[in-house]
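Here is what each chain is made of, one letter per residue.
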Amino acid sequence: MAMVKAMGSQPILNQTFSLTCETTGTIYSIHWMRNGWPLYADNRTDFSMNNNTLTINSVQHSDNGDYKCFASNPLSNMTSRNYRLIVNYGPERPAVTSPDIAMTGHSVTFNCSASSQPPSQFSWFFNGSQMVAGSVYETGPLTLANHGEYTCVAFNNITGRNSTVSKMLIVVEPVTMAMVKAMGSQPILNQTFSLTCETTGTIYSIHWMRNGWPLYADNRTDFIMNNNTLTINSVQHSDNGDYKCFAYNPLSNMTSRNYRLIVNYGPERPAVTSPDIAMTGHSVTFNCSASSQPPSQFSWFFNGSQMVAGSVYETGPLTLANHGEYTCVAFNNITGRNSTVSKMLIVVEPVTMAMVKAMGSQPILNERFSLTCGTAGTVYSIQWMRNGWPLYADNRTDFSMNNNTLTFNSVQHSDNGDYQCSASNPLSNMTSTEYRLIVNYGPKRPVIMSPDIAMTGYSVTFNCSASSQPLSQFSWFFNGSQVETGSVYKTGPLTIASQGEYTCVAFNNVTVRNSTVSKMLTIIAPVTMTMVKVIGAQPILNERFSLTCGTAGTVYSIQWMRNGWPLYADNRTDFSMNNNTLTFNSVQHSDKGDYQCSASNPLSNMTSPNYRLIVNYGPEMPVITGPALGETGHNLTLNCLASSQPLSQFSWFFNGSHVATGSVYKTGPLTLASQGEYTCVAFNNITGRNSTASKMLTVIEAIKSVMVKRNKTPISSDNLTLTCDVTGRYDTIYWMKDNLSLVLNNTLNSDITISNNSLHFSPVKVSNDGNYQCVATNLFGPHTSPKYQLRVNYGPLSVNISGPVSVVVGSVITVTLKCSADSRPTSDYGWIFNNQSVLGTGPLMAVIASLENAGDYTCVAKNPVTNISMSKTISLDVPGHSPAPPFLSRVGLMLTALLALSLCL
């Protein structure tokens with residue numbers, strides 16, 4: 001029997017707790033397990049001397065689990081049922097979930113929870129007075145009296161501990177009214193004005209808004225009495241607007257209706273709208289306005305005498321006597337203030353005539369010229385205009401004292417235009433009709449429009465123009481000889497002889513001046529061929545390489561391109577004087593691409609076909625891929641790669657001797673002689689270069705077989721050695737039992753040792769039974785032996801004789817005895833009668849019940865492997881006077897019962 005029992009009280013967090021393993025029978029060792037895993041002593045776990053008591057010094061949550069103890073001796077073992085250990089703890093600090101604030105008339109539910117094993121019991125207190133038990137407490141409809149502290153107490157009846165947490169509940173009444181009212185007199189500009197917010201309910205805060213935007217205190221705005229009064233220290237126009245107050249608590253709020261604030265002010269200084277000057281016979285209307293709230297009342301005065309009331313005053317038909325000062329007075333009956341403004345009115349007569357006339361000869365460029373303005377009527381001023389824009393005096397333009405004469409000291413092209421003069425007084429004006437001024441000049445130096453260059457076989461048109469008033473007459477000359485008249489000259493089909501100087505002469509018959517210009521015409525032949533050619537050897541990395549551009553026709557310039565993009569000289573790229581040769585001083589991989597040259601003159605161009613430049617290089621240092629380690633008897637493949645253009649050719653050398661060609665080298669079966677240096681040589685037949693890389697191959701002897709061998713037959717209590725027999729070279733050996741690594745420790749395997757490649761049992765025991773393997777390792781990994789099944793021979797440990805069993809056949813009674821022994825392998829059995837006669841062999845002995853067969857029967861059990869013998873004797877007594885010996889009577893009864901049972905079946 002094996003059973004786990006708790007010692008003392010329940011397991012409580014951070015306290016000491018013990019389990020004991022109660023057993024019956026002979027116990028050699030006890031082992032403990034939690035959740036199926038072995039337990040070992042550590043800084044919190046202790047075992048008693050014989051391991052029957054497990055003590056946890058400070059129980060933790062991690063100790064929860066199913067505990068078992070395993071009791072054993074060499075011939076038997078037993079594992080207890082699970083003991084479920086649950087650590088009791090807590091309660092930890094409770095957590096209360098509930099609102100922090102609630103409104104009168106509503107109810108609130110408090111929920112309390114606490115981490116605890118077993119679950120806690122809960123009690124509720126309000127302001128120190130106990131109310132109810134349970135994790136949930138729900139109030140009735142709230143009043144202000146329910147405001148206070150609610151406390152939850154959690155209690156664990158196993159740990160005897162409690163824990164407490166409190167929560168404040170704030171009870172408020174809803175906000176039911178908010179209204180803005182004015183305090184005192186009406187708001188007047190620059191005076192103090194206040195508004196108050198009247199409310200009902202529990203108020204946490206009051207906020208003010210103007211036109212929907214929040215208001216904050218500043219140098220003119222104050223809030224007092226918990227924000228319920230807003231005071232504006234100096235009311236301004238910017239304070240106009242709709243005011244609201246917002247009353248709030250965390251569960252309700254209310255916003256007042258708008259209060260429209262209109263600032264009373266003024267009147268400010270009035271403004272009079274009316275003409276400053278008027279014409280006799282007309283009437284004038286004076287309008288007076290003043291910024292004011294409420295609107296002002298008005299009165300009018302002329303030269304100090306009151307005339308009418310109202311904002312508008314209209315005169316009758318004017319005479320010169322109406323000239324004078326008109327005054328408006330504005331009055332505000334709320335602010336009690338007035339303000340005054342005056343305006344002068346001037347009375348005049350109209351202007352009746354204006355005309356522009358030229359003085360002297362026609363206007364000629366750079367000569368003096370004058371215009372005069374004839375007028376009639378009362379004239380205050382004369383204004384000159386050109387093309388509708390006013391004219392002012394400058395370093396070339398003068399006006400007479402009264403502006404009626406305009407003089408150009410030196411007429412310029414910029415003076416061309418339509419001229420007018422405007423005569424005016426403040427109430428009337430008259431503008432003359434337009435006088436068109438056109439400045440005569442030129443001709444200036446002509447301009448020839450034509451190409452500078454032309455191609456043979458084509459014709460060219462020359463256009464000549466010259467700035468002149470009036471228009472010029474034209475003549476054409478080629479290399480000094482006249483060829484045409486008129487502004488246009490067109491040649492016939494061009495030849496090389498058509499190249500030369502073409503001259504245009506312009507003449508003005510009014511200014512009697514002429515002007516000349518010449519232009520050179522160049523004749524060229526078209527470009528008809530371009531082709532990129534290689535100069536010298538093929539392009540090789542880091543060497544010099546040149547391309548030339550072959551052309552036909554007149555070539556002005558050559559442009560080189562790579563992949564469609566223009567090329568320019570740099571520190572590696574040069575162009576010849578005329579650009580027809582491109583030279584790479586040191587060709588690089590980046591120079592790869594499609595090259596073209598484009599030859600052109602001003603009238604034609606041609607681009608060559610692509611020349612594909614591929615840079616030959618390498619081989620660079622090869623890279624050998626493949627294992628660096630091999631086993632005898634195995635094949636091995638090495639691969640060689642090298643960056644190269646064109647692709648490299650490869651050769652393989654072993655320890656300096658040529659062994660193969662090609663990028664792949666595959667060995668035959670390896671021997672220890674295959675160890676050494678393998679060299680790959682890459683060769684480029686264009687660059688004429690080669691490159692070499694080497695790799696060392698280490699060959700080790702393969703492990704051919706691994707076998708477990710024993711030194712003798714395993715017999716209990718004898719020493720036994722298992723040896724790992726390895727064919728081949730190895731580095732380490734380790735042992736496995738039942739597919740798990742064999743780890744020796746002083747407690748469970750104190751009688752097993754490992755030395756070199758042997759496993760020693762001193763002595764071997766039945767508990768060592770199992771499947772054993774040894775694992776030999778080298779650089780290629782583990783090699784595992786077949787399983788060796790160890791079955792330890794023992795005994796016999798005990799001998800038992802069962803029976804007798806009697807069988808009646810007619811008048812003969814036969815008695816059978818059976819001998820058994822605890823032994824491996826099964827023992828051989830022999831029978832001795834009265835310590836003298838040898839009756840036979842085998843586990844069964846049958847004799848006839850008679851007086852001569854009464855006596856001592858001895859069974860001798862012998863293990864053929866251990867050579868150990870053990871015996872057991874039983875006495876058979878057959879009294880001569882008894883019709884049936886007692887044991888035969890019993891046998892008869894047994895037989896009768898068996899016969900009866902067989903009949904029932």
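Residues numbered from 1 in each chain as written. Predicted model: local features only at pLDDT ≥ 70, side-chain atom pairs only at ≥ 80, totals over all residues. Heavy atoms only, no water.

In this section: the pattern of salt bridges. Using the criterion set out here, one finds 17 salt bridges in the structure. With its nearest N and O atoms 3.1 Å apart, the salt bridge here joins Glu543 to Arg689. In this pair, Glu543 is assigned in the loop between strand 52 (529-535) and strand 53 (545-552) and Arg689 in strand 68 (residues 689-700), connecting sequence segments 146 residues apart. You can call Glu543 partly exposed: its relative accessible area is 33%. (Salt bridge = Lys/Arg side-chain N within 4 Å of Asp/Glu carboxyl O. Helix = DSSP H or I, 4+ residues; strand = E, 2+ residues; numbered from the N terminus. Buried < 20%, exposed > 50% of the residue type's maximum accessible area, 1.4 Å probe, protein only.)

Moving on, we get to the nonpolar core. Grouped together as the largest cluster of nonpolar side chains are 20 residues, with contacts concentrated most on Leu722, Trp735, Leu759, Phe761 and Leu790. Put simply, the parts of the chain that give this core at least two residues each are strand 69 (705-710), strand 70 (720-727), strand 71 (732-737), strand 74 (758-761), strand 75 (770-778) and strand 77 (788-790). Aside from chain neighbours lying at most four places away, what touches Phe761 is Asp718, Asn719, Leu720, Leu722, Asp751, Ile752, Asn768, Tyr772 and Leu790. (Core = buried A, V, L, I, M, F, W, Y, C linked by side-chain atoms within 4.5 Å. Contact = heavy atoms within 4.5 Å.)

So, about unusual backbone geometry. Between Gly618 and Pro619 the backbone carries a cis peptide bond, its omega angle lying at 5°. Within the element layout of this structure, Pro619 appears in the loop between strand 60 (611-613) and strand 61 (623-625). Cis rather than trans, the peptide bond between Gly795 and Pro796 has omega equal to 5°. You can see Pro796 is positioned in the loop between strand 77 and strand 78 (799-809). One non-glycine residue, Asn14, adopts positive backbone phi at about 75°. Mapped onto the secondary structure, Asn14 falls in the loop between strand 1 (2-7) and strand 2 (17-23). Note on Asn14: relative accessible area 48%, which makes it partly exposed.

Looking at the secondary structure, you find Phe193 in strand 19 (residues 193-200). Considering only alpha carbons, one finds Phe193 and Cys421, 228 residues apart in sequence, at a separation of 63 Å. In this view, Phe193 contacts Ala182, Met183, Ser185, Gln186, Pro187, Leu230, Thr231, Ile232, Val235, Tyr259 and Leu261; residues no more than four positions away in its chain are not counted.

Let's shift gears to the packing of aromatic side chains. Here the structure, examined in full by the defined rule, presents 28 aromatic pairs. With centroids separated by 5.7 Å and ring planes inclined at 50°, the aromatic side chains of Phe110 and Trp124 adopt a geometry described as tilted. Linking Phe110 in strand 12 (residues 109-113) with Trp124 in strand 13 (residues 121-126), this pair joins segments that are 14 residues apart in sequence. For the residue pair Phe110 and Trp124, the accessibility class agrees, reading buried in each case. Ring pairing ties together the aromatic residues Phe110, Trp124, Phe126, Tyr137 and Tyr150, which thus form one cluster. (Phe/Tyr/Trp six-rings, centres within 6.5 Å; stacked < 30°, edge-to-face > 60°.)

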